[in-house]
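Residues per chain are reported as follows:
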Amino acid sequence: MGEQDFGVITLDGDLVAGRLGPGVRQVLQMHTLAYTRPEVNAVIHTHSTHATAFALAHRPIPPNYEPLVNRGQTREIPCAPYRTRNNGDLGASIAGLLAEHPGTKAVLLANHGLLAFDDSPLSAARLVATIEEAATLEIHAAALGGSKPIAP
């Protein structure tokens, strides 16, 4: 991947430099919504295996893994209801979820994947990795009777 593979857009989704790959315009709103929060400077969207398993099950990821809480995700990672991405319904769904969960740094997208955001690209990448760890461990803990919340 090189610089030529990126497009520079406004928060309204207008292309100002570079180019956008096929189908990218359909998902721009999903990525730019988190930038309405003043502390957000980076957004990452993934289809990581275990976090996406939670999205497929329409289940939130609880904050029971200490490293997740240490990264600032102190509440469960909510799951936005499934919506198509071609007509703006997905963006409206995510915007509603962000309003309902002002402290979240991530949102699961039902039947799709994960959207995570933080103050820098490195912090967002670390958060994504920690969410994937938490999801993996939650799935393993389910076999042992389920994870337990961190004591207050």
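Everything below is about the structure shown above.
(A) Inspection of the overall build of the chain at higher detail. The helix and strand tally for the chain stands at 5 helices and 6 strands. For the chain, the succession of helices and strands along the chain, N to C, is β-β-α-β-α-α-β-α-β-β-α. What you see for the chain is a C-alpha radius of gyration of 16 Å, in line with the 15 Å of a compact globule of 152 residues. Over its C-alpha atoms, taken along the principal directions, the chain stretches across nearly 50 × 30 × 30 Å. In the chain, of all internal contacts separated by at least 6 residues, the share reaching a separation of at least 24 is 60%. In the structure as shown, the chain presents an accessible area of about 8600 Å², 55% of it carried by carbon and sulfur atoms. Across the chain, the 11 positively charged side chains and the 14 negatively charged ones have centroids separated by 4 Å.

(B) Molecular detail of the nonpolar core. By size, the foremost hydrophobic cluster in this structure holds 17 residues, and its most contacted members are A51, I61, I77, L108 and I131. No other element matches helix α5 (residues 121-142), which puts 5 residues into this core. Here I61 is in contact with A51, F54, E76, I77, L108, I131, A134 and A135, once residues within four sequence places are set aside. Within the second largest apolar cluster, 15 residues are counted, among which are A80, I94, L97 and L109.

(C) Main features of the sheet that holds strand β3 (residues 42-46). On the basis of which strands lie adjacent, the open sheet formed by 4 strands has the order β3-β6-β5-β4 and mixed pairing. This sheet does not close on itself; its edge strands, each paired only once, are β3 and β4 (79-80). Here 5 bridges tie β3 to strand β6 (residues 113-118), and the two strands are oriented antiparallel to one another. The residue of β6 that forms the bridge with I44 is A116. Contacts from helix α2 (residues 49-56) reach β3, β4, β5 (106-109) and β6, with the element oriented near 65° to β5. Against the sheet, α5 engages β3, β5 and β6, with an angle of about 140° to β6.

Rules used throughout
Residues numbered from 1 in each chain as written. Predicted model: local features only at pLDDT ≥ 70, side-chain atom pairs only at ≥ 80, totals over all residues. Heavy atoms only, no water. Helix = DSSP H or I, 4+ residues; strand = E, 2+ residues; numbered from the N terminus. Rg over C-alpha atoms; globule rule 2.2 N^0.38 Å. Contact = heavy atoms within 4.5 Å. Areas by Shrake-Rupley, 256 points an atom, 1.4 Å probe, with all protein chains shown as cover. Lys, Arg positive; Asp, Glu negative; His and termini not counted. Charge placed at Lys NZ, Arg CZ, Asp CG, Glu CD. Core = buried A, V, L, I, M, F, W, Y, C linked by side-chain atoms within 4.5 Å. Buried < 20%, exposed > 50% of the residue type's maximum accessible area, 1.4 Å probe, protein only. Pairing = 2+ DSSP bridges. Axes fitted to C-alpha atoms, helices over the stretch in contact; angles between N-to-C directions.

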